[in-house]
Amino acid sequence: TGRGVARVRVQALRPSAVDSGGGLAMRLSGTPVVQLGPGGQCSIAVAYSPGDILEISTPGFAGGGSAFKLETLELLAHDCGGVASANAAPATCRNWARVRLPWTDCEDGLDSTHRFVRWVEGRISKVVNETHAIVQVPAPPSNSMAKRAQAAVFDPKSQLTSYQDEGTCGARGDDAKADLSICKHGADLLKSVEMSDYKIVAKIDGCQYFSYKVYACREDTPAAADGSSLHRLVFPASQLAPVGEEVDVQEHDDDDEALAAPRCPGFVEEGRRIAIVLLGDARFQAKYKTQIQSLKCFADGHGYELRILLGNEYEACKNYRDYFFRKHCTVAEWLESQPASLVAAIVDADVVAAVLERGLEKWANHPADVQLYQRCLLPEIMAGNYMVRNTPFSRTFLRNWAKYNFEMPKGFSSSDNGAIHLVVQDTVQVLNFPKCKKLYRGLDKPVTDLTTYFQFVKCTTDALGPPRDWRSRGGIVAVWPRFNFWAADGVYMSKAASREIGPLLHHGIKDSKDVTGHYYKNVSACVQNTDNVIKSAAEIGIHAINLARGYKEYFPQGKDCPGTAIRQCPERCLGTFSCWPLGDQEKPLTPRTCTDCG
């Protein structure tokens, strides 16, 4: 077809003493696709057409830098008669949408009827333009399937074959279909021989066959636990099939379905404005001056607004005596004056920017109105850091949350952190809300005795089930799995981060000496202490997996973990920080009381 895929592995060298900068940039026919800081690295596959030029430059090095133009790209794969589909999806595809690449290989020396399709699942990580996007996948497509296909043998007795037989003589009856349900991790189509004018293509035990397909069960090969298998691919819209959040990952492995699946008609960059918002009076701002300065470094580097609210701006919030409930009221009132395109990342003041190179777009482009996350190593939903789109649903959610200021029990309830569980439970309309609220109202123990508090929390989290995108009351509330949001407790991350994957902001950094002594060499000039903080994706991934294995009470265990969908198992996704919330209707479903869900 004249099209192909170039696989490139690049690493940005660290500058020497005579170099003024460092890093690496990659452009495809003038469009930026990769930008790496000194020492950064990535794997990327670029789908290209004739005349495309892949340019790699190293700006800032002595001698003015270098630029390498690869005008002839090696052909590594082609479409074998039709990867692209004539069907278009009903809407354009957006950043961080879930998609699949119907990756087709060919058997050497055979025509295009002997093809097979392997779905490779990923997320659109960046819209390059209207026709191309960067897709992030946990593992690159493998060429090993071709060897398996060449060795495939048609055995009509096998449940992993489909066939059309002459008459009803087939070994498993007339025109049998493969039973792919026996494959725990899905199946691959190894060989497909189509019918052509009723020509006999096989004769076995006296029975003649007009066509057949041979499948093989897929091996259990989840993403590497060390984060090393996260890859980026640049692809046109015609090659990407959008997938709903609720679709089972083992569906649509059939070759014909793959070829017919609708593709993205194009891509759209939503152009959302992002703001980082925190609440703090002059005394509070002075106490957390260095943490706030790190957030300014982060915001300025990505063109975000950093907005500090005092908490006394709005008459509607002045009756909220509890600082944290007043925070949510104030944010809701402030949003009323902001454009509808705003996405606000609300942070506590004891948050420090651990990574400056990556931004919040992964989460800002998520469709949820309200985004929360599971607290790192406690059985709670976190209240201090969250993200909201400026919608009526979000503002109502925040005001309902703030109203718990007037319902706090006499015992320890963790202020807004206890209340958020009831707000989520009520909003998404799962079971046992009256029971859990009764436990909340009955809290009468001091902070030194958390037994009844955590009994109340367990009531709500048991009702909610695994982290999910909840559709209810005209909006979406997302709860992210532990360590997969943009913020995480710094102490549990060993105060380390990666430029490639994982949380960006570290919560709970209350001592300014940690900011100036560990995270930054010069926070005023936004100079990080990279030797202390920045680690490779592999190091961060291994650390997260080890935490999950060590805290069995907070993380589902094993590669087929009970209680959630396979794709949310930490052994499969936490090493690359790619554990996403389940879809609203994705199994295992949680019982709900609503009639307007979904």
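Heads up: the structure comes first, above all this text.
Our focus in this paragraph is the overall build of the protein chain. Along the protein chain, the regular secondary structure elements total 14 helices and 31 strands. Out of the 598 residues in the protein chain, the part that is buried amounts to 54%. Long-range contacts, defined as pairs at least 24 residues apart, comprise 71% of the intrachain contacts of the protein chain with a sequence gap of at least 6. Summed over its atoms, the accessible surface of the protein chain is roughly 25600 Å², and 51% of this surface lies on carbon and sulfur atoms.

With that out of the way, let us pick up the pairing of strand E23 (residues 386-389). By the alternation rule, side chains of E23 split into Tyr386 and Val388 and Met387 and Arg389, which are all buried. In the sheet, strand E20 (residues 342-346) pairs with E23 via four bridges, with the strands oriented antiparallel. When the sheet's bridge partners are listed, Ala345 is paired in E23 with Met387. Taken together, the two bridges between strand E22 (residues 370-373) and E23 define a ladder with antiparallel strand orientation. Opposite Val370, over in E23, you have Val388 as the bridge partner.

Residue Pro588 is bonded to the preceding Lys587 through a cis peptide linkage, with omega at 5°. You can see Pro588 is positioned in the segment after helix H14 (570-573). With a phi close to 50°, Asp205 is a non-glycine residue in the positive phi region. Along the chain, the position of Asp205 falls in the loop between strand E13 (202-204) and strand E14 (207-217). Here the phi dihedral of Cys526 falls at roughly 60°; this positive angle occurs in a residue that is not glycine.

Turning to the state of the cysteines, a few remarks are in order. According to the stated counting rule, one finds eight disulfides in the structure shown. Paired through a disulfide, Cys297 and Cys526 show a sulfur-sulfur distance of 2.1 Å. When the S-S torsion is -85°, as for the bridge of Cys297 with Cys526, the disulfide is left-handed. In this pair, Cys297 sits in helix H4 (residues 289-302) while Cys526 sits in the loop between strand E29 (520-522) and strand E30 (527-528), placing the two residues 229 residues apart along the sequence.

When the terminal C-alpha atoms of helix H10 (residues 451-464) are compared, their 20 Å separation across 14 residues agrees well with the 20 Å that a helix rising 1.5 Å per residue should span. Within the sequence span of H10, burial applies to Tyr453, Phe456, Val457, Cys459, Thr460, Ala463 and Leu464. Down the axis, H10 shows its buried residues gathered within 150° of arc, on one side only. Along its buried surface, H10 packs onto helix H8 (416-428), helix H9 (433-441) and strand E24 (469-472). In the stretch just after H10, Gly465 is the one whose phi turns positive, near 80°.

The next subject is the side chain of His506. Its location among the elements puts His506 in strand E28 (residues 505-507). Here His506 falls in the buried class, since its relative accessible area comes to 0%. Here the side chain of His506 touches Tyr519 through a polar contact of 2.8 Å, side chain to side chain. Aside from chain neighbours lying at most four places away, what touches His506 is Asp350, Val351, Val352, Ala354, Ala488, Gly490, Met493, Lys495, Ala496, Ala497 and Tyr519.

Turning next to the nonpolar core. With 47 residues, the main nonpolar core has Leu372, Phe397, Trp401 and Ile420 as its most contacted residues. With 46 residues, the next largest nonpolar core counts Ile276, Ala354, Met382 and Ala497 among its residues.

The strand order E21-E28-E26 describes an open sheet built from three strands, whose pairing is mixed. The outermost strands of the open sheet, each flanked by one partner alone, are strand E21 (351-353) and strand E26 (487-489). On average, each strand axis in the sheet is inclined to that of its neighbour by 30°, with strand direction left out of account. Relative to E28, E26 is paired through three bridges, and the arrangement is parallel.

Another point: the packing of aromatic side chains. This structure, assessed with the given rule, holds 25 aromatic pairs. For the ring pair Tyr198 and Phe210, a centre distance of 5.3 Å and an interplane angle of 85° mean the geometry is edge-to-face. Here Tyr198, found in the loop between strand E12 (187-193) and E13, pairs with Phe210, found in strand E14; they are 12 residues apart in sequence, far enough to count as distant. Residue class for Tyr198 comes out exposed when judged on its relative accessible area of 59%. Put simply, the rings of Trp363, Tyr373, Trp480, Phe485, Trp486 and Trp580 pair up and form one aromatic cluster. Sitting over the ring of Trp580, Arg123 keeps its end group 3.6 Å from the ring centre.

On the basis of which strands lie adjacent, the open sheet formed by seven strands has the order E19-E18-E20-E23-E22-E25-E24 and mixed pairing. With partners counted over all chains shown, the strands left at the sheet margins are strand E19 (305-309) and E24, one partner each. Taken pair by pair, the neighbouring strands of this sheet meet at an average axis angle of 20°, ignoring direction. Sheet topology places E22 next to strand E25 (residues 475-480); four bridges connect them, and they run parallel.

With that settled, consider the pattern of salt bridges. Applying the stated criterion to the full structure yields 20 salt bridges. Between Asp514 and Lys495 there is a salt bridge, with its nearest N and O atoms 3.3 Å apart. Linking Asp514 in helix H11 (residues 512-519) with Lys495 in the loop between E26 and strand E27 (497-498), this pair joins segments that are 19 residues apart in sequence. The exposure class assigned to Lys495 is partly exposed, which follows from its relative accessible area of 23%. Three or more residues are tied together by salt bridges with common partners; here these are Glu333, Glu336, Arg395 and Arg399.

Where helix H5 (residues 323-335) meets helix H7 (residues 392-402), the axes come as close as 8 Å, and the angle between the chain directions of the two elements is 155°. In this view, H5 runs roughly antiparallel relative to H7, as classed from their interaxial angle. When you trace H5 past H7, the crossing you get is left-handed. Residue-level contacts link Phe325, His328, Cys329, Val331, Ala332, Glu333 and Leu335 of H5 to Arg395, Leu398, Arg399, Trp401 and Ala402 of H7. Looking at side-chain class alone, the contact of H5 with H7 contains eight nonpolar, one polar and three charged residues.

The rules behind each value
Residues numbered from 1 in each chain as written. Predicted model: local features only at pLDDT ≥ 70, side-chain atom pairs only at ≥ 80, totals over all residues. Heavy atoms only, no water. Helix = DSSP H or I, 4+ residues; strand = E, 2+ residues; numbered from the N terminus. Buried < 20%, exposed > 50% of the residue type's maximum accessible area, 1.4 Å probe, protein only. Contact = heavy atoms within 4.5 Å. Areas by Shrake-Rupley, 256 points an atom, 1.4 Å probe, with all protein chains shown as cover. Pairing = 2+ DSSP bridges. Disulfide = S-S within 2.5 Å. Expected span 1.5 Å × (residues − 1). Arc of directions from axis to C-beta. Polar contact = N/O pair within 3.5 Å; in protein donor to acceptor, adjacent residues only side chain to side chain. Core = buried A, V, L, I, M, F, W, Y, C linked by side-chain atoms within 4.5 Å. Axes fitted to C-alpha atoms, helices over the stretch in contact; angles between N-to-C directions. Phe/Tyr/Trp six-rings, centres within 6.5 Å; stacked < 30°, edge-to-face > 60°. Lys NZ or Arg CZ within 6 Å of the ring centre and 35° of its normal. Salt bridge = Lys/Arg side-chain N within 4 Å of Asp/Glu carboxyl O. Parallel < 35°, antiparallel > 145°, perpendicular 65-115°, else oblique. Left-handed = near helix turned anticlockwise from the far one by under 90°. Nonpolar A, V, L, I, M, F, W, Y, C, P; charged D, E, K, R; others polar.

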